[in-house]
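The chain contents come next:
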Amino acid sequence: LSNSSNLTHNLLSPSQISIMPGFNFEMTLPSDSKKLFELITDYETIEVFPDQLKNVSIVSRNDFEVITKEVLTFNTYFKNTELYQKTSHNVHYPKLSSNVIEGPFKGTVIQVTFDELDGGSKVTVNAELKIGLKYKLLSPIIKNKYKAILTSLLYKMNNIIMNA
């Protein structure tokens, strides 16, 4: 009987359980990789957000790290939900590594690499999403929304550079 009580104490609470779906993709864009990197990491002047990314504001900044606060909007069949998160971005060309440090997706890591090609860029995205148990049923939607946000943001930044 004492063994069963020890087992109960060793169980994880629902807030400690998470699902980690991930995704990877590559895009070839006609814009210069350095210009694309500079624009996508210029959090102060970004005004063109995908629909799912409602707002980004800078919390703190130093030479190689920027901490931002984002408002994400997820439209589901049931309701529209706004989620708030803080993300630490390690900015060092050609890599951008973003780690969610607060919010329902805390522990999510997204790495984006900008490689120079002749006449353009290859952008590689590797993401490991950490989704808490509370959002388990929505994990396929959340995964698709994160991918849509990143893809849309990259295309919009590319268009800004190409039309400048």
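The coordinates are above.
Residues numbered from 1 in each chain as written. Predicted model: local features only at pLDDT ≥ 70, side-chain atom pairs only at ≥ 80, totals over all residues. Heavy atoms only, no water.

S.K.: What is the right way to look at the environment of R61 in this model?
M.R.: Within the secondary structure layout, R61 lies in strand 3 (residues 53-61). Classification of R61 by relative accessible area gives partly exposed; the value is 43%. Separated by 28 residues in the primary sequence, R61 and H89 place their C-alpha atoms 9.4 Å from one another. (Helix = DSSP H or I, 4+ residues; strand = E, 2+ residues; numbered from the N terminus. Buried < 20%, exposed > 50% of the residue type's maximum accessible area, 1.4 Å probe, protein only.)

S.K.: Got a minute to help me understand the pattern of salt bridges in this structure?
M.R.: Per the stated rule, a full pass over the model turns up two salt bridges. Across the pair K86 and E102 runs a salt bridge whose closest N-O atoms are separated by 3.9 Å. Here E102 lies in strand 6 (residues 95-102) and K86 lies in strand 5 (residues 80-92), a separation of 16 residues in the sequence. For K86, a relative accessible area of 23% corresponds to the partly exposed category. For E102, a relative accessible area of 42% puts it in the partly exposed group. (Salt bridge = Lys/Arg side-chain N within 4 Å of Asp/Glu carboxyl O.)

S.K.: Could you clarify how one ought to interpret the nonpolar core in this entry?
M.R.: When a protein is soluble and globular, its nonpolar side chains tend to lie buried together. Grouped together as the largest cluster of nonpolar side chains are 34 residues, with contacts concentrated most on F114, V125, Y146 and L154. Of all the secondary-structure elements, those providing two or more residues to this core are strand 2 (22-29), helix 2 (33-40), strand 4 (65-75), strand 5, strand 6, strand 7 (109-117), strand 8 (120-128) and helix 3 (139-162). No other element matches helix 3, which puts eight residues into this core. Sequence-distant contacts of L154, that is, excluding residues within four places in its chain, are made with F25, M27, L29, L36, I40, F114, V123 and V125. (Core = buried A, V, L, I, M, F, W, Y, C linked by side-chain atoms within 4.5 Å. Contact = heavy atoms within 4.5 Å.)

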